[in-house]
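# Commentary on secondary and tertiary structure
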Amino acid sequence: MRIVGFIGLSLILCMSCGHPQYDHRGRTPLVELDGHFLYREDLLRVLPQNLSTDDSLLFAQHYIRTWAEDILLYERAQQNVPDDAEIENLVFNYRKALMMHAYQQALIQERLAEELTEEDLREYYTNNVEAFKAESPLLKGLFIKVPLTAPQVSQVKQWYKSDQQSAVEHLEKYSLQHAVKYEYFYDRWMSASEIMSWLPLKEDNWDNFFEKNRHVALKDTAFWYFLNISAYIRTGEQEPYEAACPRVKEMLLNRRQVDFMNQVKADLFREASENGDIKYFVN
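Notes on the structure follow. Since the structure is predicted, the reported quantities are computational estimates derived from the model, not experimental observations.

Calculation notes
- Residues numbered from 1 in each chain as written.
- Predicted model: local features only at pLDDT ≥ 70, side-chain atom pairs only at ≥ 80, totals over all residues.
- Heavy atoms only, no water.
- Pairing = 2+ DSSP bridges.
- Helix = DSSP H or I, 4+ residues; strand = E, 2+ residues; numbered from the N terminus.
- Axes fitted to C-alpha atoms, helices over the stretch in contact; angles between N-to-C directions.
- Core = buried A, V, L, I, M, F, W, Y, C linked by side-chain atoms within 4.5 Å.
- Buried < 20%, exposed > 50% of the residue type's maximum accessible area, 1.4 Å probe, protein only.
- Contact = heavy atoms within 4.5 Å.
- Polar contact = N/O pair within 3.5 Å; in protein donor to acceptor, adjacent residues only side chain to side chain.
- Salt bridge = Lys/Arg side-chain N within 4 Å of Asp/Glu carboxyl O.
- Lys, Arg positive; Asp, Glu negative; His and termini not counted.
- Expected span 1.5 Å × (residues − 1).
- Bend = angle between axes of the 7 residues up to and from the residue.
- Phe/Tyr/Trp six-rings, centres within 6.5 Å; stacked < 30°, edge-to-face > 60°.
- Lys NZ or Arg CZ within 6 Å of the ring centre and 35° of its normal.
- Patch = residues over 30% accessible without salt bridge, like charges linked within 9 Å, V, L, I, M, F, W, Y side chains within 5 Å.
- Areas by Shrake-Rupley, 256 points an atom, 1.4 Å probe, with all protein chains shown as cover.

### With respect to the sheet that holds strand E7 (residues 223–233)
Strand order across the open sheet formed by four strands is E5-E4-E7-E6, with antiparallel pairing between neighbours. Looking along the sheet, the strands with just one partner apiece sit at the ends: strand E5 (181–191) and strand E6 (215–219). For this sheet the average axis-to-axis angle between neighbouring strands, irrespective of direction, equals 10°. Here five bridges tie E6 to E7, and the two strands are oriented antiparallel to one another. Bridge pairing in E7 links Val216 to Leu227.

Now the structure itself:
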């Protein structure tokens, strides 16, 4: 057993010489252990960004040692574990599953690559409307966060409560110079959890909170937070198509994939049966 290092302390930047008796396929070997190679490209792929030189070296040394220990343990296991039919069967089944999955994905990309139409999505939503209930509150509205020292805060307190175009335009212009965060979502549904992460507020029951509070104005030691809620859907209520659309698309695509692969397998079975490829051994 032998281990050969191709790098010294400058292993991160080193371009090592290859072993002429091996075809490394353009890769740069760093370490060899009993014919197993660790390549520079493999190490750089897992090396975290923005590490100092010393930290990069420590990471590389640890990674190389772990790589070598795994190989040594595997070789010792091969010497001490007898050939096991069960292991071979597990390996065969795992390889078969990987190949089947790869083939299915290739077929799906080839046959189902076209985009689902808007008509398809709306039809699926309509036919399965009970499957699309809001899992958490959904909101439409506007949010703006400004420093306590920002000018015209009294006007912001008036503008944010209105969804009129003139008020929105005032806030948009104001936000360009003074806002730390500005979100306009009168035209789309957003989850309450995302919106409330913007506020310095803890609340156990968001449904009750939004029932009572459509205009929220808060401040802490540094900022003002203003939230106007123009529309609201409680947890468990019907999710509108616009909010449910991503899930509709995912569910419909999954269904089509399942139907497609079931048809592929049925066609293969029928073809094999017609050709006499399937032989039954019965009394």
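There's more to say after this.
### Remarks on the nonpolar core
Leu139, Phe185, Ile195, Met196, Phe210 and Leu227 are the most contacted members of the largest nonpolar core, which has 17 residues in total. At the level of elements, strand E4 (138–147), E5, helix H7 (192–196), helix H8 (206–212) and E7 are the ones that each hand at least two residues to this core. At four residues, the largest contribution of residues to this core is made by E7. If we ignore the near neighbours within four places in the chain, the residues touching Leu227 are Leu142, Phe143, Tyr160, Phe185, Ile195, Met196, Leu199, Arg214, His215 and Val216. By size, the runner-up hydrophobic cluster in this structure holds 14 residues, among which are Leu142, Tyr160, Tyr186 and Trp224.

### Brief notes about the side chain of Glu239
Along the chain, Glu239 falls in the loop between E7 and helix H9 (241–274). On the basis of relative accessibility, which here comes to 8%, the residue Glu239 falls in the buried class. Separated by 2.5 Å, the side chains of Glu239 and Arg247 make a polar contact. In this structure, Glu239 is in contact with Tyr125, Phe132, Lys133, Ala134, Leu138, Ala244 and Arg247, ignoring residues within four places of it in sequence.

### Details of the pattern of salt bridges
Per the stated rule, a full pass over the model turns up 13 salt bridges. Linking Arg65 and Glu69 is a salt bridge whose minimum nitrogen-to-oxygen distance equals 2.7 Å. Placement of both Arg65 and Glu69 in helix H2 (residues 53–80) is noted, with a separation of four residues, approximately one turn of the helix. Accessibility expressed as a relative area gives 38% for Glu69, which makes it partly exposed. Between Lys133 and Glu130 there is a salt bridge whose closest N-O contact spans 3.5 Å. The partly exposed category is assigned to Lys133, whose relative accessible area is 29%. Several salt bridges share partner residues, and in doing so they unite Lys181, Glu183, Asp187 and Arg188 into one network.

### Examining the side chain of Asp207
Here Asp207 is to be found in helix H8. There is no salt bridge for the buried Asp207, and the closest opposite charge comes from Arg234, which lies 4.5 Å off by N-O distance. Ignoring anything within four residues of it in the chain, the contact list for Asp207 reads Pro137, Tyr232, Arg234 and Thr235.

### Section: H9
The terminal C-alpha atoms of H9, which comprises 34 residues, lie 46 Å apart, in line with the 50 Å expected from a rise of 1.5 Å per residue. At Arg247, H9 shows its maximal kink, close to 35°. Those residues of H9 that sit buried are Tyr241, Ala244, Val248, Leu252, Phe260, Met261, Val264 and Ala272. Here the buried face of H9 lies against helix H3 (85–111) and helix H4 (118–127).

### Describing the packing of aromatic side chains
Counted under the stated rule, the structure contains 15 aromatic pairs. Each ring, one from Tyr125 and one from Tyr241, has its centre 5.5 Å from the other, and the planes form 70°; the classification is edge-to-face. Here Tyr125, found in helix H4, pairs with Tyr241, found in helix H9; they are 116 residues apart in sequence, far enough to count as distant. Exposure remark for Tyr125: the relative accessible area of 12% places this residue in the buried category. Considering the side-chain rings of Trp206 and Phe210, the 6.0 Å spacing of their centres and the 25° angle between planes classify their relative orientation as stacked. With a gap of four residues between them, Trp206 and Phe210 both fall in helix H8, about one helical turn apart. For Phe210, a relative accessible area of 0% corresponds to the buried category. Taken together, the ring pairs in this structure connect Trp206, Phe209, Phe210 and Tyr232 into an aromatic cluster. When the ring centre of Trp198 is taken as origin, the NZ or CZ atom of Lys181, which lies over that ring, is 4.8 Å away.

### Some details on a nonpolar patch on the surface
Together, Phe269, Ile278, Tyr280 and Val282 give the surface a local cluster of nonpolar side chains, amounting to about 450 Å² of exposed area. Position of Tyr280 among the secondary structure elements: in the segment after H9. Here Tyr280 falls in the exposed class, since its relative accessible area comes to 60%.

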